[in-house]
Amino acid sequence: MTTNTITLNNGVQMPGLGLGVFQTPPAETSEAVAEALRIGYRHIDTAAAYGNEREVGEGIRRSGLERSEIFVETKVWINDYGLEETRHAFDKSASKLGVEQIDLLILHQPLSEDFARTLDAYRALEKLLADGKVRAIGVSNFLPAHMKRLLAETTVQPAVNQIELHPYFQQRDVQKLDNQQEILTQAWSPIGGITAYAGGEKRTFDDPVLREIGQRHGKTAVQVMLRWHLQEGRSAIPKSTKPARIAENFDVFDFELSLEQIAAIDGLDTGVRSGPDPDSITLETYGRDIPEA
Ligand code: NAP
């Protein structure tokens with residue numbers, strides 16, 4: 001596989017490998033985005049809750065590229081769930097980003113304590129899609145129970161489910177349902193950054209199996225993880241603020257993992273989540289107001 005294009009279930013084309021900007025400080029965001037776009041990235045993943053949508057927009061404008069060449073993905077935070085609230089969340093994000101249309105707008109989390117509100121938020125996304133304000137809609141951190149309920153109670157199939165997914169936590173049950181429903185699984189923390197910054201004992205970066213596979217291809221463990229996602233048909237959005245790493249993470253289109261190597265990486269799954277359990281996300285514990293544009 002040498003191209004970076006994935007076709008979503010509604011026919012929209014999306015670059016599979018993009019740049020993530022969670023925890024990228026606003027002051028460093030525009031530079032990181034512009035650098036990524038200079039190198040060849042064409043997809044940026046941000047979120048209202050990251051507090052850096054404005055700087056993502058600045059980076060896009062600094063790149064000098066046409067708006068139509070860049071795929072912009074952002075997420076609605078739980079405080080903005082609801083028919084009217086989510087409509088307004090689009091206005092806030094689009095204004096901060098400085099764009100008329102968002103390529104992919106997704107719900108950041110299922111709000112299990114008030115799933116009716118989550119469903120209304122999704123219905124607002126459906127309306128935004130019908131009105132041409134967004135090109136595709138989706139969800140994040142949806143477990144099979146959330147997804148089944150969403151599919152039963154709404155109309156438009158989500159294009160994407162963005163979930164924690166790296167060699168140590170592969171969520172095969174979620175991927176299976178996504179595949180059955182033609183929903184693209186998009187990996188967050190695709191290189192296992194969360195196994196390092198969440199303070200766990202085992203970091204994907206140091207994994208001997210990944211390193212050994214990398215050595216055989218003249219690549220790093222990180223590049224092996226990204227290649228693994230792409231060959232298994234997923235989107236991946238690694239984050240870095242460092243130019244050398246931004247470049248390293250995009251230099252994955254000139255080698256191919258063997259079936260045995262893919263199987264070895266599949267075998268690294270521990271089944272242990274590093275990020276929060278989606279059902280633990282409540283307005284009380286994680287709620288925060290998203291400022292107006
Ligand atoms: P990640 O991309 O797996 O890892 C990022 C971490 O790895 C950073 O600490 C980065 O540090 C470091 N890094 C990057 N490239 C490296 C390289 N080549 N070698 C060694 N270290 C490297 O983790 P993530 O940021 O958690 O996830 C990626 C994106 O997914 C986020 O930015 C965000 O867009 C999205 N996300 C979504 C959710 C959600 O709930 N939907 C949750 C988390 C993340 P430096 O910046 O210092 O290079």
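From a predicted model like this one, the values you see are computed outputs, not experimental measurements. (Residues numbered from 1 in each chain as written. Predicted model: local features only at pLDDT ≥ 70, side-chain atom pairs only at ≥ 80, totals over all residues. Heavy atoms only, no water.)

(A) Here's a closer look at the packing of helix α3 (residues 83-97) against helix α4 (residues 115-130). Between α3 and α4, the shortest axis-to-axis distance is 8 Å and the interhelical angle comes to 50 degrees. With respect to each other, α3 and α4 are oriented oblique. Classified by chirality, the crossing of α4 by α3 is right-handed. Across the interface between the two elements, Leu 83, Thr 86, Arg 87 and Phe 90 of α3 pack against Asp 120, Ala 121, Arg 123, Ala 124, Leu 125, Lys 127 and Leu 128 of α4. Looking at the contact of α3 with α4, its residues break down into 6 nonpolar, 1 polar and 4 charged. (Axes fitted to C-alpha atoms, helices over the stretch in contact; angles between N-to-C directions. Helix = DSSP H or I, 4+ residues; strand = E, 2+ residues; numbered from the N terminus. Parallel < 35°, antiparallel > 145°, perpendicular 65-115°, else oblique. Left-handed = near helix turned anticlockwise from the far one by under 90°. Contact = heavy atoms within 4.5 Å. Nonpolar A, V, L, I, M, F, W, Y, C, P; charged D, E, K, R; others polar.)

(B) Just the side chain of Thr 74, in detail. With respect to the helices and strands, the residue Thr 74 is situated in strand β5 (residues 71-76). Setting aside residues no more than four positions away along its own chain, Thr 74 makes contact with Thr 46, Ala 47, Ala 48, Glu 53, Ser 93, Leu 97, Ile 102, Leu 104, Leu 105 and Ile 106.

(C) Spatial organisation of the site of the ligand. The local shell around the ligand holds 29 residues, among which Asp 45, Tyr 197, Ser 240, Lys 242 and Arg 245 are the closest. One of the side-chain nitrogen or oxygen atoms of Ser 140 is found 2.9 Å away from a nitrogen atom of the ligand. Elements represented by at least two residues in the shell around the ligand include exactly α7 (193-197) and α10 (243-250). The element that contributes the greatest number of residues to the shell around the ligand is α10, accounting for 3 residues. When the residues that make up the shell around the ligand are grouped by side-chain class, the tally is 11 nonpolar, 12 polar and 6 charged. (Near = heavy atom within 4 Å. Polar contact = N/O pair within 3.5 Å; in protein donor to acceptor, adjacent residues only side chain to side chain.)

(D) Region of the structure containing the sheet that holds strand β4 (residues 43-45). The strand order across the open sheet formed by 8 strands is β3-β4-β5-β6-β7-β8-β9-β10, and the pairing between neighbours is parallel. Where the open sheet ends on each side, the last strands, each with one partner, are β3 (19-20) and β10 (235-236). Taken together, the 4 bridges between β5 and strand β6 (residues 102-107) define a ladder with parallel strand orientation. From the neighbouring strand, Val 76 faces β6, where its bridge partner is Leu 107. (Pairing = 2+ DSSP bridges.)

(E) A look at the side chain of Arg 234. Relative to the helices and strands, Arg 234 is located in the loop between α9 (221-231) and β10. Judged by relative accessible area, which is 2%, Arg 234 ranks as buried. Engagement of the side chain of Arg 234 in a polar contact is seen with the side chain of Glu 232, the distance being 2.8 Å. If we ignore the near neighbours within four places in the chain, the residues touching Arg 234 are Ile 6, Leu 165, Arg 172, Gln 175, Leu 184, Thr 185, Trp 228 and His 229. (Buried < 20%, exposed > 50% of the residue type's maximum accessible area, 1.4 Å probe, protein only.)

(F) Quick peek at the packing of helix α8 (residues 208-217) against helix α11 (residues 259-266). Relative orientation of the contacting elements α8 and α11 amounts to 160 degrees, with a least axis distance of 10 Å. Viewed along their axes, α8 and α11 adopt a mutual orientation that is roughly antiparallel. Our pair here, α8 against α11, has a crossing hand that is left-handed. Listed contacts from α11 to Val 209, Leu 210, Ile 213, Arg 216 and His 217 of α8 are Gln 261, Ala 264 and Ile 265. The residue makeup of the contact of α8 with α11, split by class, is 5 nonpolar, 2 polar and 1 charged.

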